[in-house]
Number of protein chains: 4
Amino acid sequence: MPLSLEEAAAIAAQKETTHTTARATVQGMEEHLYTAIPVLDHGFIRVIDYMGDDSAITQAARVSYGKGTKSVSNDEGLIRYLMRHWHSTPFEMCEVKLHVKLPVFVARQWIRHRTANVNEYSARYSILDREFYIPAPEHLAAQSSTNNQGRGDVLQGEEAQRVLDYLRDDSIRAYDHYEAMLGTEDQQGLARELARMNLPANIYTQWYWKVDLHNLFHFLRLRADAHAQYEIRVYAEAICDVVKDWVPAAYAAFEDYRLGGAQLSAKGVAALKRMLAGEQMDAEKAGMTKGEWREFEALLA
Amino acid sequence: MPLSLEEAAAIAAQKETTHTTARATVQGMEEHLYTAIPVLDHGFIRVIDYMGDDSAITQAARVSYGKGTKSVSNDEGLIRYLMRHWHSTPFEMCEVKLHVKLPVFVARQWIRHRTANVNEYSARYSILDREFYIPAPEHLAAQSSTNNQGRGDVLQGEEAQRVLDYLRDDSIRAYDHYEAMLGTEDQQGLARELARMNLPANIYTQWYWKVDLHNLFHFLRLRADAHAQYEIRVYAEAICDVVKDWVPAAYAAFEDYRLGGAQLSAKGVAALKRMLAGEQMDAEKAGMTKGEWREFEALLA
Amino acid sequence: MPLSLEEAAAIAAQKETTHTTARATVQGMEEHLYTAIPVLDHGFIRVIDYMGDDSAITQAARVSYGKGTKSVSNDEGLIRYLMRHWHSTPFEMCEVKLHVKLPVFVARQWIRHRTANVNEYSARYSILDREFYIPAPEHLAAQSSTNNQGRGDVLQGEEAQRVLDYLRDDSIRAYDHYEAMLGTEDQQGLARELARMNLPANIYTQWYWKVDLHNLFHFLRLRADAHAQYEIRVYAEAICDVVKDWVPAAYAAFEDYRLGGAQLSAKGVAALKRMLAGEQMDAEKAGMTKGEWREFEALLA
Amino acid sequence: MPLSLEEAAAIAAQKETTHTTARATVQGMEEHLYTAIPVLDHGFIRVIDYMGDDSAITQAARVSYGKGTKSVSNDEGLIRYLMRHWHSTPFEMCEVKLHVKLPVFVARQWIRHRTANVNEYSARYSILDREFYIPAPEHLAAQSSTNNQGRGDVLQGEEAQRVLDYLRDDSIRAYDHYEAMLGTEDQQGLARELARMNLPANIYTQWYWKVDLHNLFHFLRLRADAHAQYEIRVYAEAICDVVKDWVPAAYAAFEDYRLGGAQLSAKGVAALKRMLAGEQMDAEKAGMTKGEWREFEALLA
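None of these values were measured; they are calculated from a predicted model. (Residues numbered from 1 in each chain as written. Chains lettered and ligands numbered in written order. Predicted model: local features only at pLDDT ≥ 70, side-chain atom pairs only at ≥ 80, totals over all residues. Heavy atoms only, no water.)

1. Notes on empty space enclosed by the protein
Move 1: Considering all chains together, one arrives at nine cavities of 30 Å³ or more under this definition.
Move 2: By volume, the largest cavity amounts to about 110 Å³.
Move 3: Along the wall of the largest cavity there are 14 residues; nearest its centre are Asp-170, Ala-174 and Asn-198 of chain A together with Asp-170 and Ala-174 of chain D.
Move 4: Mapped onto the lining of the largest cavity, the elements with two or more residues apiece are α6 (157-182) of chain A together with α6 (157-182) of chain D.
Move 5: The biggest single contributor to the lining of the largest cavity is α6 of chain D, with five residues. (1 Å grid on protein atoms, 1.4 Å probe; cavity = no way out; pocket = protein on both sides within 12 Å on 5 of 7 lines; lining within 4 Å. Points joined across faces, edges and corners; volume = space filled by probe spheres on them. Helix = DSSP H or I, 4+ residues; strand = E, 2+ residues; numbered from the N terminus.)

Take a look at the structure:
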C-alpha cells in the first residue's frame, strides 16, 4: 500500500475541508483532489491543485480572436479547431499540480520535460524510505531483438526467478548498507549526500510537479505512447484518466489529434494520393527508405 | 471608465457565481476575483484565477527538505529562509492569471518576460477599439539630462500643450484612417492585418497573462523599481497590492529581500568592512569606478 | 537600401577578418556571415554567428543512443529518423544568431516565440530612425471575406491610392511630431520613452535574435506557412534559405516532415483506411465537422 | 584515466583539424576545445563548441541602448554595468557546449537547471560502462551535526574503511548482476531499460550540455558556492576556469558581483547605516531572527 494510515487520514481531512470560491471549478477534479491513485507497486499520483477548465481555453482563444470566434458555434468545436491548428497558447491557461511517488529511473525520464515546476524530496537533506520497485512477473520482459529500446517476450522460469532475486536482494543489501553508513547513535555516520550514492535506480522518490495543459499534453503524447517504457506509461495513463475528468473537451481533441493521430511526410501525402487514385505503391516508388515505408504501411494497415 | 456597463454587469455575475472547492483558497483573492483595478487612463488589471497560497510554498519546500525543515519553527520563517537563499522552486508552485488592458508600448516591455503564458487580442483577426493612452499633465516629463533612459522635470505651459495636442490629434487621425482603410459597406477594405500598421504605440491592447509567483516576483522587482518607466510601474504596483493579499508572507519576504534589498559586489563588501573599522573610503581605495562608487554611497546614505 | 555605406564597409571588413578554429565550420554559412539579405522595403536579416552543423545533430543523438545507432547507416537517415519521431533535443545542439531589421508589427508576432534570446533596439534609450514599411502595390490586399485572419484580392485604383496615401502621410506626420516632441536645442523636449508612443506599428526596429535549431524549425513551420501573414513570411523564407546552406540534411528532413507534411486525426486515419478499401466517404461517415472534412479533402486533392 | 587511448587519439585529431572562419574566435577556448579536463575519479568536462566572446555581449547591449552606450568608455565598464544592474539578455548571446562525464547523483542535481539543452547517454538504449565514483578518503565526510545538508569532519579509521568497502563492493556486485541480467549468448536477457534499475547512483553517465552564458552563470553561482555538494562543485570550478579563458571581462564581473558579492535585505541595509553611524547593533535592534543576524554578521566579519 503506497500510503500509511496516518497519510490516509490526512488526505481524508483535506478532502473534507472545503471553501467557497468564485473560481472556475470542475466537479470531476474536486473528487480527485488529494486522493492517491496507485501506480506500480508503491507509487501513486495525487491531484493537489488545479486551475481552469475547458472554458478557460476558449475564453483565452476568444480574447485573441475577439468577435471573430463567434462563428465557431460552440466550445467543443473551437477547442478542436485550436488543437488541429497547433494554437497551443490557450491550452497553457490551465494548470495542474500533482504529487507523484515514482522510482528514480522513471523520475530521470520524466524530468527531461523542462517546462514544468518541480520540488523533489532531497536525499541530500533527508533519509529515503526503504521502498523499491520490483516488477511484477508479467512485466519482466526480455530485451527486444529488433528494437534497441524495446521489450520482447516475458522472461520465464529460472531466468525470471534469477532476475527477481537479483533485483530484490541487491535492493535490500544496498539499503541495509545505506542505513549502516548513515551511522548509529555511537557513530558519526557518513553524510547523507554521500550515503545516497549506494542506492539503486529502482528506489522510490517523490515530488510535486506542476505543469500547464499544453505541456502536459506534450508529456502525455510521448509517455502514454505505446513505445514509451511501461513503467512511465502507467503514470501517463493514470494522468490521462484524471485529465479526462478535468477538461473533457480538450482531452477528447487531444485523443483524436495527438494520441490517435499520425504525422505524414510530404512523401507520404504524395504516395497516398497515388494510392487513392488506384496505383500500387512501394518504398521505391514513394521515395522512402525501407524503415519509413514500414511505418507508413503500418499506419494504414 | 475602462469598462462598459455590460462588462461591469458580467463581472458582478461572475463574482456571485460561487462553488464549493477543497482547493487552497485565499479570502483576499476571492475579493479581488474578476474586479477591474483601474490603471492609467483606460487600462486595468483583473485577477481571473489563482492557484496556491503561502502554505503551498512551504508544503513544496517540506517535500524537498523532508523532516529537516521541522527545525524552522513556522511558515513565515521558512519562506524568509527560502527567499534569502534563492530557493526559487517552491515559489513556482503558486500561479496567477490576470486580464490586463494596457498600451502597446507597455505591452512590448512586458512581453520580454518570457516565462509566462499569454493570449493577446489579435488585431490581425479583430478590430481594435478607439482607445489611446494620453499622459496626465503631471506625467508629461522631459528627457532626463543625466540618464539616457530616465525622465526629468514635468513639461510646462506651451510646450506641454503642444505635446498633448500632437499625441491627441495624431491618435485620432491614425484611428480615423485605420477605420477608413478597413472599408465601408461599399468597399472591400484593406486587410485588418495591414490596416493595424497605422496605429501608434499608445493604443490599448489587452491580454490574459498567467505566471508563477517566482517569475512574477522577478517581473515586479524590475518593473516596480524606481527606474522602471512610470507607465509600466503603475501596473506593477497594482499587481503588488494584489499579491500582498494573496500570499502575505511571501510578499513580505520579497519586499524585504528584493524590493528593499541591495546587491553588494565583493569590492563593496570589502569596502564596508574597512568603513566599519573606521577607515575613510573613496572610489580609488575601494577599487571602484566613479559610477560604482556613486551607487555604493547612495545605498548607504 | 537597408544599409548605409558606412555599415556596408563595416560588414565587408568583418567578412575579411578571419581566424583559425577547430570548431565545426560550414562553408555555406561562412559565406552568409554578416551579409545583409534584404527583406521588405527597408528590412534585412544577417547571420552574425552560428554553432554546429548536421554532424552536431547526429553526434548528440549518438551520445544518447550509444552503439545502438550504428545500425542507421548514415547521418542523413539518422536525421530523418529523429525528425520523424519528434526526437527534438539533438536539433537543439545547433544555434544561430541573426541581426534582423523589421517593422514593429512583425516584431510583435515574432516575439511570441519565447524560447530564444533577444536584444532589441531601445526606443526608451535611443531615437528611432525615420523608416517605415509601406507595402508594395501588389501586397496591398483586401480583407478576406471568408477567413478572419486572411487576405483577399489586391486593392486597385483609387482605393489602393487612398490607402497608400494614408500610410505614407500618417507615417511622415507621426515621425515629424515625434522629432518635434523630442525637442530642439532651445527646448527640453519630451522624454524619449514617452515620445515613441506617437510612432505607428509600421516603423522599423531591429534586434539580435539567437535561437536553437529545434525552436527555429518551430518558428519556420508556423511563419513560413501559407497562412502566415505575408510580412513575416518573407522573413521566414529568407531564413529558410540560410538554414538550407547551414544544415542541409536537417533542413531537407524538416521540409519533408514539417513544411510539406500533414497531421491526421484518428478520424482521418480511419477514413483513409476506408477510402483505400474503396469506400466513398463524406463528412458524416467520417464523423468530422464540415470544416474538418474540408481540410481533410484539401489535403488529398 | 577517464579516456581510452582510442578516445584520446580521436580528440587529438579533432584539435588538429582546423578551419578558417569569420566568426568571433577566442584563442583561449581554441586551446580548450575537445580536451578532457579530469574531474573526480573518472569524470571530465570537455568544451565541444562555443559561440561569442566578450564583444558579443557589448555588441548586443549596444544594439539595445544605441548611441547611448558610447558614454561608457570601454567594454569592460559596460559589462560590469550590465552585471550590476541585472541586464541579463546580452549575456545570453554567448553559448557553450560541453561534453560531461559525471556520476548519476550529480547529474540529478545538475538537470534541475532547466534552461539548457541536454542529450544524455541512454541506458534504455545502450549498456552502461563499469565505472563508479568512489570518494577519495579525504572526501569521505561525516554528516554535519548543525546543517542538514552539510558535511562535518572526515571519517577516520575503521568507519572510513567500512564505508569504502560498502561503496566498492556494492558497486561491483550491482554491476555484476546488471551484466548477468542482460543475458549471455545462450539467454535472452532482461530488457536493458529494466536491468539498469539495479545500478546505484554513483555510476557514471555522460551527456552533451549546451547553455547560454547567463544561465551558465546562474548554474555556477549556485554550484561553485561553498554550500554546494563537493561532487558537483568540482565540476562547477572546472567550468569556471574555462569561462575565465573564454569571456575574461564577463567572468571578472561575475566573480565580483555574484560569486564574491552579497545580497542585503532592507533590514540589513538599515542596520548597516546605523552601524556606520556608530551604533552598536544586535538581532533584536535590527529586527532580524537569530539565523538572519548570524548570516549578516558572518558577511561583515
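Having put the structure on the table, let's press on.
2. Notes on the interface of chain D and chain A
Move 1: Of the residues lining the interface, 58 residues belong to chain D; the matching set on chain A comes to 58 residues.
Move 2: Taken together, the two surfaces of chain D and chain A that pack against each other cover about 5,500 Å², and 49% of this comes from carbon and sulfur.
Move 3: Considering only the side of chain D, the residues that lose the most area to chain A are Arg-108, Arg-124 and Met-197 of chain D, jointly responsible for 14% of the buried surface there.
Move 4: Linking chain D to chain A there are four salt bridges.
Move 5: Where Glu-193 of chain A meets Arg-151 of chain D, a salt bridge forms, and the shortest distance between an N and an O atom there is 2.4 Å.
Move 6: Counting across the chain D and chain A interface gives 34 residue pairs in polar contact (both at pLDDT 80 or more).
Move 7: Looking at the side of chain D that touches chain A, the elements that each hand over two or more residues are α5 (104-110), β5 (117-120), β6 (141-143), β7 (151-154), α6, α7 (192-195) and α9 (230-246) of chain D.
Move 8: A total of eleven residues in the side of chain D that touches chain A trace back to one element, the largest contributor, which is α6 of chain D.
Move 9: Its residues assigned to classes, the side of chain D that touches chain A comprises 28 nonpolar, 15 polar and 15 charged. (Contact = heavy atoms within 4.5 Å. Buried area = accessible area lost by both parts, 1.4 Å probe. Salt bridge = Lys/Arg side-chain N within 4 Å of Asp/Glu carboxyl O. Polar contact = N/O pair within 3.5 Å; in protein donor to acceptor, adjacent residues only side chain to side chain. Nonpolar A, V, L, I, M, F, W, Y, C, P; charged D, E, K, R; others polar.)

3. Points about helix α11 (residues 266-276) of chain B
Move 1: Along α11 of chain B, the residues that are buried comprise Gly-268, Val-269, Ala-271 and Leu-272 of chain B. On an axial view of α11 of chain B, the arc spanned by its buried residues comes to 165°, and they lie on one face.
Move 2: Buried residues along α11 of chain B sit against β9 (262-264), α12 (283-286) and α13 (290-300) of chain B together with β9 (262-264), α11 (266-276) and α13 (290-300) of chain D.
Move 3: Of the residues trailing α11 of chain B, Gly-278 of chain B is marked for its positive phi of about 100°. (Buried < 20%, exposed > 50% of the residue type's maximum accessible area, 1.4 Å probe, protein only. Arc of directions from axis to C-beta.)

4. A short note on the interface of chain C and chain A
In many analyses, interface size is given as the accessible surface area lost on bringing the parts together.
Move 1: At the junction of the two partners, chain C supplies 35 residues and chain A supplies 35 residues.
Move 2: On the chain C side of the contact with chain A, Trp-86, Gln-263 and Leu-276 of chain C bury the most area, a combined 17% of that side's loss.
Move 3: The tally of links from chain C across to chain A stands at 20 residue pairs in polar contact (both at pLDDT 80 or more).
Move 4: Going through the elements one at a time, α4 (75-84), α10 (248-259), β9 (262-264), α11 (266-276) and α13 (290-300) of chain C are the ones with two or more residues in the side of chain C that touches chain A.
Move 5: The dominant element in the side of chain C that touches chain A, judged by the number of residues it contributes, is α11 of chain C, at seven residues.
Move 6: A per-class count over the side of chain C that touches chain A returns twelve nonpolar, eleven polar and twelve charged.

5. Focus: helix α4 (residues 75-84) of chain A
Move 1: Listing the buried residues of α4 of chain A in full gives Leu-78, Ile-79, Arg-80, Leu-82, Met-83 and Arg-84 of chain A.
Move 2: Trp-86 of chain A sits one or two positions beyond α4 of chain A and adopts a positive phi of about 55°.

6. Topic: the relation of the copies chain C and chain A
Move 1: Least-squares fitting of chain C to chain A yields an RMSD of 0.0 Å, with the superposition described by an axial translation of 0.0 Å and a rotation of 180°. Expressed as an axis order, the relation between the two copies is that of a two-fold axis. Of the C-alpha atoms belonging to chain C, the one lying closest to the rotation axis is found on Gln-263 of chain C, 2.3 Å away.
Move 2: With an isologous cut-off of 70% or more, the 100% of interface residues of chain C that recur at the interface of chain A puts this contact in the isologous class. (Least-squares fit on C-alpha atoms with pLDDT ≥ 70 in both.)

7. Overview of the UniProt feature "active site" (unreviewed entry) in chain A
All names here are of chain A.
Move 1: Following the UniProt record, one finds the feature "active site" (unreviewed entry) at Arg-223.
Move 2: In this fold, Arg-223 is placed in helix α8 (residues 213-223).
Move 3: Filtering out sequence-adjacent residues up to four positions away, Arg-223 remains in contact with Gln-109, His-113, Ala-228, Ile-232, Arg-233 and Ala-236.
Move 4: Of the polar contacts made by the side chain of Arg-223, one reaches the side chain of His-113; its length is 3.1 Å. (UniProt positions renumbered as here; feature names shortened; annotations may be inferred.)

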